[in-house]
Each structure stands twice: as structure tokens, then as C-alpha cells.
Amino acid sequence: MTLRVAVLGVGLMGTYHAETLANRTSGVAVTVINDFSPERAQEVAHSTGARVVSDPLEAIAADDVDAVVIATPGPAHEKQVLACLETGKPVLCEKPLTTDAESSLAIVKAEAELGKQLIQVGFMRRYDHEYAHLRGVVESGELGAPLLLHCAHRNKATHPHFDSEMVVKDALVHEVDVTRFLFGEEITAVRILTPAPVSTSHENLRDPQFAIFETESGRMVDVEVFVNTGIAYEVRTEAVFERGSVQIGLGMGAVHKTAPGVWGGPVTADFRERFDQAYASQLQAWADQSRKAIASGNYVVNGPRAWDGYAAAVVCEAGVRALNSGERVAIELPERASIPGA
Ligand SMILES: NC(=O)c1ccc[n+]([C@@H]2O[C@H](COP(=O)([O-])OP(=O)(O)OC[C@H]3O[C@@H](n4cnc5c(N)ncnc54)[C@H](O)[C@@H]3O)[C@@H](O)[C@H]2O)c1
């Protein structure tokens, strides 16, 4: 069967997803496009062979839609994800699952009560070959137990309205998921340090920030998040094990010697270039999983689930409190097993 997909929100991320689904994902047709901006929707519908439906809930319920990709801004996600649960359609929801922990937990519970795994959250780094390799090293035990992670997350620039809390909720959230994915355990405390800001920062933006996570077994993770480097998009991770260390994200592609005294290679300009393979693999895996679920009636999500979106929301909320107080903030999650099916 061909999986007929609606894409909601075709800004930067949704356009990229719609085009990847239409041109580079097998077994999929993009049938419906929805966006607040009718012109934007029309443009992407035209390039992907879809039709425009102007109401997001009608788009989800449409007869020619089997599954949904949500790439609207975070505040729109809750209502749209709940509509996917109501219509029983698999959904890939961009991060954040919702904008606060309470509503994310309500979604975890609603899905668990339904008894069908319909929600995948767009933590696509899990599909990046290098992160998957690192997870494999952890799982194999070949270097002993992992002890520490050192992470760097650098963007070239952000919108002028990007503020200190968004550094936590929009950028650091990826390292929250990476930590949970690589270590396979929850984060139990967070601290956010704010070094002297870069001169391009403004009143509401502390940039860079330095986060420290503690995990259930007492491991620690440090993350530099620097969202206005003016240089490029760089995401690096080094895992330190009992018997060695592994670094990923070095971008060690071709080495160029382009002028006397100049030695080096390209750095990726933005997140789409750096994680292109991860986004494409995520969509292909989600489409295959959705087709299989619809055909068999057995709905299973193998990627990041609503619980992962909820856990990230809890850590980010604590991160914002840590940012504002300068203190270490302890995190308490309910036992996952206390919500059967979560
Ligand atoms: N996984 C990643 O690496 C990654 C990267 C970038 C963005 N994102 C996420 O993707 C989502 C979208 O981000 P973006 O950068 O593309 O934003 P954007 O502002 O570029 O695009 C959002 C689009 O949604 C439309 N829209 C707004 N509210 C809507 C609603 N209620 N219904 C339908 N359409 C609506 C807007 O008109 C706009 O075209 C966010 O949740 C963001 O966090 C994820």
C-alpha cells in the first residue's frame, strides 16, 4: 500500500519533510498540505503533487490521509496530536511534543488509554548514523560502561526573537534526548551556567549557555549551546567510557588545501545539511512502520515515543528554572511503568 500523508505546517521544517516524503521516501504519497498561510500551502502542494486543506483538523480527518506529519510551531501540537489519536492515525510530531510537561503527560496517558502506539516524536538524531553507532558502542559494552558525555551544539544564527529560554527548549532539548537515548536512563538534575555573552546577544538572550545533566546512575553530561556563533552549524558529541572514548560530529569529510597556508574542509551551514541523512532515515522508518501498522492492525512505534517527548519537556522545564535561578534543579519523573502502555 502507498501511505497517504498530510503535512501540517510547511515552514522551514515542514517544507523539507514534505519534499523528502514526496521525492526520497518509498511507499509514500503526500496527499494533503495544510498551513496558516494559504500561499505557502499552495506552493508546497504544487511541488509535492498534493491538495491544500485549509483547516488542520479537517486535513487530519481527510479520507485520503492515512498518517500525519506535524511541523507546525510547538503551541499548535497538542490539539493536532490529540486529533490524530481521535482519528486513529499514526503521527510523526516534530519536537516539542507540546510546550509544557503537563500537556505532554496528558498526551502520553491518552495514547496509553487508546492502547495503540500512534505517536512518534521527531527526535531525529536517533536516526543519524553516527549517533546510532555511538549507541551501538554503549550497547556492546566493548569499551566498558559510559561515564561522561561532552557535547557542543552551535548554530550560525537565530531569529532576533530567540531568547534564553528558547536556547533550552529549542536547542538543548536535542541533547536532552541524546543523553536519554545514549545512556538509556532518565536525567535526574540539571544546571545551566551562563558565561559572559557573545557581543551579538541582547537583553533577553544569554548566549552561549553551559548545561550540566546528571542521570539516574550518577553519570554526567556537559553541553555547550551557542546559537549565534556567526560561523556554521556544528553538533559534536564525545562519549567517555571506562576503556576509551568515541567522538562523533567531527565532519571529517574531504580535506581541502585551497590557498597558501589554508588547510581544512567544509562545515555544514544548517541543521538540514548536517542531519539530512537522519531526517530522511527517520521519515522512511516512520513510513514503513506506519504502513505495517495499518496493514496488520498492530500499532507499534520503534522510534522516540510520546514518553520521550514528555521526559524532554520535564527536563526543559527544569532547565528553564535552572537558567533563571542559577541553581541545580532536581527532576522527578513518574515511574514509566505506572502508566501501562506508555
Ligand atoms: N527536529 C529538528 O531538528 C527541528 C528543526 C527545526 C524545527 N523543528 C520543529 O519544527 C516545527 C516547525 O518549525 P519551523 O522552524 O519549520 O517553523 P516555521 O515558523 O518556519 O514554520 C511553521 C509553519 O507553520 C504554519 N502554522 C503556524 N501555526 C499553524 C497552525 N496552527 N496550523 C497550521 N499551520 C500553522 C506557519 O504559517 C509556518 O508556515 C517546530 O515544532 C520546531 O521546533 C525541528
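For the structure, check the block above.
An account of the accompanying structure is given in this report. (Residues numbered from 1 in each chain as written. Predicted model: local features only at pLDDT ≥ 70, side-chain atom pairs only at ≥ 80, totals over all residues. Heavy atoms only, no water.)

1. Describing the sheet that holds strand β7 (residues 146-154)
The seven strands are arranged β12-β11-β7-β10-β9-β8-β15 in an open sheet whose pairing can be described as mixed. The sheet is open, and its two borders are formed by β12 (244-248) and β15 (329-330), each paired with just one other strand. In the sheet, strand β8 (residues 187-193) pairs with strand β9 (residues 209-215) via six bridges, with the strands oriented antiparallel. When the bridges of β9 are listed, V190 appears paired with F213. Packed on one face of the sheet, helix α10 (residues 306-325) meets β8, β9 and β15 and runs near 35° to β8. (Pairing = 2+ DSSP bridges. Helix = DSSP H or I, 4+ residues; strand = E, 2+ residues; numbered from the N terminus. Contact = heavy atoms within 4.5 Å. Axes fitted to C-alpha atoms, helices over the stretch in contact; angles between N-to-C directions.)

2. Considerations on the packing of aromatic side chains
Overall, the coordinates contain six aromatic pairs when judged by the stated rule. A centroid spacing of 5.3 Å and a plane angle of 70° characterise the contact between W307 and Y310, whose relative ring orientation is edge-to-face. Of this pair, W307 and Y310 both sit in helix α10, separated by three residues, roughly a single helical turn. You'll find W307 and Y310 in the same group, each marked buried. By the ring-pair criterion, three or more aromatic residues cluster together here, those being Y16, Y131, Y233, F271, F275 and Y279. Taking the ring centre of F271 as reference, the NZ or CZ of R272 above it sits at 5.7 Å. One residue, R274, lies across the ring of F275, its end atom 4.2 Å from the ring centre. (Phe/Tyr/Trp six-rings, centres within 6.5 Å; stacked < 30°, edge-to-face > 60°. Buried < 20%, exposed > 50% of the residue type's maximum accessible area, 1.4 Å probe, protein only. Lys NZ or Arg CZ within 6 Å of the ring centre and 35° of its normal.)

3. Topic: the pairing of strand β4 (residues 67-70)
Burial of β4 is two-sided: the residues A67 and V69 facing one way and the residues V68 and I70 facing the other way are all buried. In the sheet, strand β1 (residues 3-8) pairs with β4 via four bridges, with the strands oriented parallel. Residue pairing across strands places V5 opposite A67, the latter belonging to β4. Across three bridges, β4 lies against strand β5 (residues 91-93) in parallel orientation. Looking at β5, one finds that V68 is bridged to V91. The handedness of the β4 to β5 crossover, carried by helix α4 (residues 77-87), is right-handed. (Right-handed = clockwise from strand over helix to strand, strands pointing away.)

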